[in-house]
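Topology and contacts: notes
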Amino acid sequence: MKKGRSNSGRAPAGPNSNVAQPFPLPSAWVWTSVGDVGEVRVGLQRSPKRRRGRFMTKYLRSANVTSDGLDLKEISQMDISPSEREIYSLRPGDVLIVEGSGSPAKVGRAAIWLDDSAAWSFQNHLIRFRARAAIPGYALIVFKYFAASGAFSRIARGVGIQHIGSSRFAVMPFPLPPLPEQSRIVSEIERRTRLAKEAEQSLLSAISRINQQVSAVLEAATFGELLPEDGSVKQLDMGAEPSAVTRVAHRDRLLPTSAARSDQAWTMKNLPPGWFWVKVEDVGEIKLGRQRSPKHQRGPNMYPYLRVANVFEDRIDSTDISRMNFSPSEQQIYRLEPGDILLNEGQSPELVGRPAMYRGTPPGVCFQNHLIRFRVGDRLEEEFALLVFRHYFRSGKFTAIARWSTNIASLGVKRFSQLPFPLPPREHQRKIVEEARRRLKASEEQRSAAETALSRLQPLRLELLTAAVSGQLVPQSPDDESASRLLAQAREPDNSTRSITVRSSEEIEMDTDAVVGSRRSLPDALIELGGRASAEDLFEACGYDRELTGDIEAFYITLRQEMPQRIRIKSEPTKAPILEVVPDAPR
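In this report, the structure presented in the accompanying data block is examined. The written sequence of each chain sets the order in which its residues are numbered from 1. A pLDDT threshold of at least 70 governs which residues receive local features in this predicted model, and a stricter bar of 80 or more applies before side-chain atom pairs are shown or counted, although totals over entire chains, interfaces and linings include all residues. Based on all heavy atoms of the structure, the side-chain values leave hydrogens and waters out of the count.

A closer look at unusual backbone geometry
What counts here: Helix numbering and strand numbering both begin at the N terminus, where a helix is a DSSP run of H or I of at least 4 residues and a strand a DSSP run of E of at least 2. Whether a residue is buried, partly exposed or exposed follows from its accessible area with a 1.4 Å probe, protein chains only, as a fraction of its type maximum: under 20%, in between, or over 50%, in that order.
Each neighbour pair has its own omega, and for Thr 361 with Pro 362 the value is -5°, a cis peptide bond. Note that Pro 362 resides in the loop between strand E24 (355-357) and strand E25 (366-367). The omega angle of the peptide bond from Met 563 to Pro 564 is -5°, so this bond is cis rather than trans. Within the secondary structure, Pro 564 sits in the loop between helix H19 (549-562) and strand E31 (567-570). Residues other than glycine seldom take positive phi values, yet Asp 314 does so here, at roughly 60°. Relative to the helices and strands, Asp 314 resides in the loop between strand E19 (311-312) and strand E20 (315-316). Of the residues examined, Asp 314 reaches a relative accessible area of 34% and is grouped as partly exposed.

Right, here's the structure in full:
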């Protein structure tokens, strides 16, 4: 990162002398608070009465603010009066910050509003920052730094849904540079962000190409295309053909009689001489795992077992192993041996059949009934079988035979056992496994390198943001007017700002009417909601503001006064309490 000119001590604090100074700044910078740099306002609260009305207006929600900017594909509307629009309007350059979310990672996401073509507003899960002493682009950089560094998550409060809170946000320390330097920082961030995105896309494309290479290797292995060109290997010695297998005319392959009709089109792929099409059940033992049930959750023979969550493509994840009661005889039936191949029997459609080989780790485990165990017979190499099943998984063969129920697909032991399987001579299998292992190892090394580089981009983004807000991204200039002077100018009265907050008595009256008397009677609002509603819905319908502690206290004081004469609580097991109007209660 570029270093600015040397600092002469810490940067001065802004007008708010109590603001924290988390790290040193260049001498021309100043520490101040978010509220000193711009106007902070939380959005308009939704309520049932706003679902229809004379002034339906588009508004932004937290879902519209993404890490890549604003997503306007899904836009909602609510009734917002003209006077309210003036308060909650959006102008080009306004920065929108996600104030509340159930996901800590999403709290504090920020984006700039650039549209000036129509009247838009914003909902109360968003905070609007309207800059006075900072250009919007620099303010956005600071807020992204807050999110990436964990500053937003440290001030967030709440159970379930995390809230930044406009008051806590307004007093956050804000590192303010001179105005010309802000522009230089924004330009440099845009340049480096563009380079980072290009690098990210390049790495993602590389990973995609490597994944395609892996699929191509698996397909070539399955159909003998990895064999030496001279084909100098012994032919398969099967002895007498099994009675269940019959030769298909004009093809050097074996195919079960029952499959010759139903799956003949599927097996049209040419195989090398000496190879045969057989069924999966002809070359190995197939077993569905042990079913879970409450009675097996405890007992004298608690034994570890693998489940779908442990089986990934070509990998067993042993970080979370469950246990259930297996009798000694059941342990003999369901115990895994090194070389056993496990396939996901029940999974989402795109993951059904995902295979991995059990290689002895973790030791001494059984398997559950959402997994199928395939144990090779004496004509098949374990590693070759895994290559074939990985090809079937990636090419959609398993998905094609699965049966779906809602979002879960079932491979089915019977359907799996009837799948055609290409059977080469053992010597072919060994040569194919050796060549495939070599190619797959090279692909895995390439993918690992690309994924490592990709994983470093996020820390680099934080380093870039940190340098930007600490004065180490671009050089300082002695000709720049200090940030303290910029702050002083921003605090001078401004007509455009004053017009946002000062309204005529007529407008105030209109606004009061629009919010239905500001504070409605709880019973009246509850009747309008159909006689029953949650406390949260009633709070909104009565016009209270959850940003104001006094409003919250006033609501619950009023609610206690209305109970039990006019409002009662209806409690149901496993459900949130519901408020109901007491029938025939005195008015």
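The rest of the description comes next.
Considerations on the pairing of strand E18 (residues 302-306)
Short version of the rule: For two strands to be treated as a pair, DSSP must find at least two bridges joining them.
Across the five residues that make up E18, a large majority, four, are buried. Pairing between E18 and strand E21 (residues 322-325): four bridges, direction antiparallel. The residue of E21 that forms the bridge with Tyr 303 is Met 324. By the bridge criterion, two bridges tie E18 to E25 in an arrangement that is parallel. Note that in E25 the partner of Leu 306 across the bridge is Phe 367.

Observations concerning the nonpolar core
Here is the rule we go by: Note on terminology: a nonpolar core comprises buried Ala, Val, Leu, Ile, Met, Phe, Trp, Tyr and Cys residues joined through side-chain atoms within 4.5 Å. The contact rule is simple, with two residues in contact once any of their heavy atoms fall within 4.5 Å.
Grouped together as the largest cluster of nonpolar side chains are 47 residues, with contacts concentrated most on Ile 97, Phe 143, Phe 169, Phe 174 and Leu 176. With eight residues, helix H3 (residues 136-149) is the largest single contributor of residues to this core. For Phe 169, the contacting residues outside a window of four places in its chain are Val 34, Val 40, Ile 97, Ile 127, Phe 129, Phe 143, Phe 152, Ile 155 and Ile 164. Of all hydrophobic cores here, the second largest spans 43 residues; its members include Ala 221, Val 280, Ala 385 and Leu 423.

A closer look at the side chain of Gln 429
Its place among the elements puts Gln 429 in helix H12 (residues 426-455). Of the residues examined, Gln 429 reaches a relative accessible area of 0% and is grouped as buried.

What to know about the environment of Asp 115
Within the secondary structure, Asp 115 sits in the loop between strand E9 (110-112) and strand E10 (120-122). Accessibility expressed as a relative area gives 27% for Asp 115, which makes it partly exposed. Spatially, the C-alpha atom of Asp 115 lies 5.7 Å from that of Pro 92, the residues being 23 residues apart in sequence.

Some thoughts on the pattern of salt bridges
Note on pairing: side chains with opposite charge can pair once their charged atoms come close. For clarity, the cut-off: Salt bridge, as used here: a side-chain nitrogen of Lys or Arg that lies within 4 Å of a carboxyl oxygen of Asp or Glu.
The full count for this structure, using the stated rule, is 28 salt bridges. One salt bridge connects Glu 39 with Arg 128, and the closest N-O pair in it is separated by 2.5 Å. Pair noted here: Glu 39 is in strand E2 (residues 38-42) and Arg 128 is in strand E11 (residues 126-131), with a separation of 89 residues, a long-range link. The class for Arg 128 is buried, based on a relative accessible area of 0%. For Glu 281, the salt bridge is made with Lys 279, and the minimal N-O distance between the two is 3.8 Å. We classify Glu 281 as partly exposed; its relative accessible area is 36%. Relative accessible area serves as the criterion here: at 8%, Lys 279 is assigned to the buried category. Connected via shared salt-bridge partners are Glu 313, Asp 314, Arg 359, Glu 383, Arg 390 and Arg 394.

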